[in-house]
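Remarks on the overall topology
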Amino acid sequence: MNKDFSSLAKRIIPCLDVKDGETVKGVNFVSLRSAGDPVELGKAYSEQGADELVFLDITASFEGRKTFTDMVTRVAREINIPFTVGGGINELADVERMLYAGADKVSINSAALRCPQLIEEIARRFGSQVCVVAIDARHDSDGWFTYVKGGRERVERGLFEWAHEAQERGAGEILFTSMDHDGVKAGYANEALARLADSLSIPIIASGGAGCKQHFRDAFTLGHADAALAASVFHFGEIPIPELKQYLRAEGINVRL
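From a predicted model like this one, the values you see are computed outputs, not experimental measurements.

**Remarks on the pattern of salt bridges**
Evaluated as defined, the whole model comprises 24 salt bridges. Residue D180 is joined to R138 by a salt bridge in which the shortest nitrogen-to-oxygen separation is 3.6 Å. Of this pair, D180 sits in the loop between β10 (173–178) and α7 (190–199) while R138 sits in strand β7 (residues 131–140), and the two are 42 residues apart along the sequence. The salt bridge partner of R154 is D142, with a shortest N-O separation of 2.8 Å. Note that R154 is positioned in strand β9 (residues 153–158) and D142 in the loop between β7 and β8 (143–148), a separation of twelve residues in sequence. When its relative accessible area of 26% is taken as the criterion, R154 is described as partly exposed. With relative accessibility at 47%, the residue D142 sits in the partly exposed group.

**Concerning unusual backbone geometry**
Backbone geometry places D20, a non-glycine residue, at a positive phi of 50°. By the element assignment, D20 lies in the loop between β1 (11–19) and β2 (22–27). Taking the relative accessible area as the measure of exposure, D20 reaches 61% and is therefore exposed. Of note, H224 is a non-glycine position whose phi angle comes to about 55°, a positive value. Structurally, H224 is set in the loop between α8 (213–221) and β12 (227–230). Judged by relative accessible area, H224 falls into the partly exposed class, the value being 33%.

**Points about the packing of aromatic side chains**
Using the criterion set out here, one finds five aromatic pairs in the structure. Seen in terms of ring centroids, Y188 and F216 are 6.0 Å apart; in terms of plane orientation they differ by 75°. Their pairing is edge-to-face. Here F216 lies in helix α8 and Y188 lies in the loop between β10 and α7, a separation of 28 residues in the sequence. Where F216 meets F234, the ring centres are 5.8 Å apart and the plane angle is 35°; that geometry is what we call tilted. Of this pair, F216 sits in helix α8 while F234 sits in helix α9 (residues 232–235), placing them 18 residues apart in sequence. Residue class for F216 comes out buried when judged on its relative accessible area of 0%. Given a relative accessible area of 6%, F234 falls into the buried group. Among the aromatic residues, ring-to-ring pairing joins Y45, Y188, F216 and F234 into one connected group.

**Remarks on the side chain of S178**
You can see S178 is positioned in strand β10. With a relative accessible area of 0%, S178 lands in the buried category. Ignoring anything within four residues of it in the chain, the contact list for S178 reads A137, W144, A189, S207 and G208.

**A look at the nonpolar core**
Counting 73 residues, the largest nonpolar core has F55, V133, I174, F176 and F216 as the members making the most contacts within it. Tallying contributions element by element places helix α6 (residues 159–169) first for this core, with five residues. Leaving out residues up to four positions away in the same chain, F55 has contacts with L16, V18, P38, G42, F68, M71, V75, F83, T84, V85 and G86. Counting residues in hydrophobic clusters, the runner-up holds nine residues, among them C15, V54, V132 and A134.

Scoring rules and cut-offs
Residues numbered from 1 in each chain as written. Predicted model: local features only at pLDDT ≥ 70, side-chain atom pairs only at ≥ 80, totals over all residues. Heavy atoms only, no water. Salt bridge = Lys/Arg side-chain N within 4 Å of Asp/Glu carboxyl O. Helix = DSSP H or I, 4+ residues; strand = E, 2+ residues; numbered from the N terminus. Buried < 20%, exposed > 50% of the residue type's maximum accessible area, 1.4 Å probe, protein only. Phe/Tyr/Trp six-rings, centres within 6.5 Å; stacked < 30°, edge-to-face > 60°. Contact = heavy atoms within 4.5 Å. Core = buried A, V, L, I, M, F, W, Y, C linked by side-chain atoms within 4.5 Å.

Everything listed here is a matter of geometry and, on its own, says nothing about what the molecule does.
So this is what it looks like as structure tokens:
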């Protein structure tokens, strides 16, 4: 696949899972603990040199949705880097609400699997660059398969064919989370990442597994990812973003300092 993003800077993206107005973090999608105010955290990351942010509403009930929309408006006022929002986005009206509140992109996951034409509708209405398709996948005995409902339910869609279809329908980026690696801090799923990156022509965001600076390097060098997303290593101060970027630059990886 003809994809040359080599001249583009690799992106570092903190991810904030938001529940009832606060940032939380778990391991393998469970055991959540609080990590602070999402607006304050987002602002701090923006000042530290994060390239983008992702905010996920992990309890997108009607009440949660209102809280989350208010938070998006506050984030947009406080930060000057692009940010993506996801969780509970099921139709164009949801996308419109998030963009109107100040988000730059939306991330869709189970809604895209349920109704793949939603990808086309978003791309047509707002442009491909607005549509990030998030895929949570696990390496089962019969290959990589996609999961929904916070990783509780397997969908009979293979990771690679679903990512390809999402691209064909107009997705601007794929956000791939390896559920086996999520929160474990043992590195990203670099083999699967490289296969995705090499077979698609849109950017791939690596998610799930960052535990040290070398893991980010490996996601870019071995996994050919265009961006690396992480949560707890940033939220709990284990890896400061400026330090991470200096390290990556020293390893020969093009990042914005």
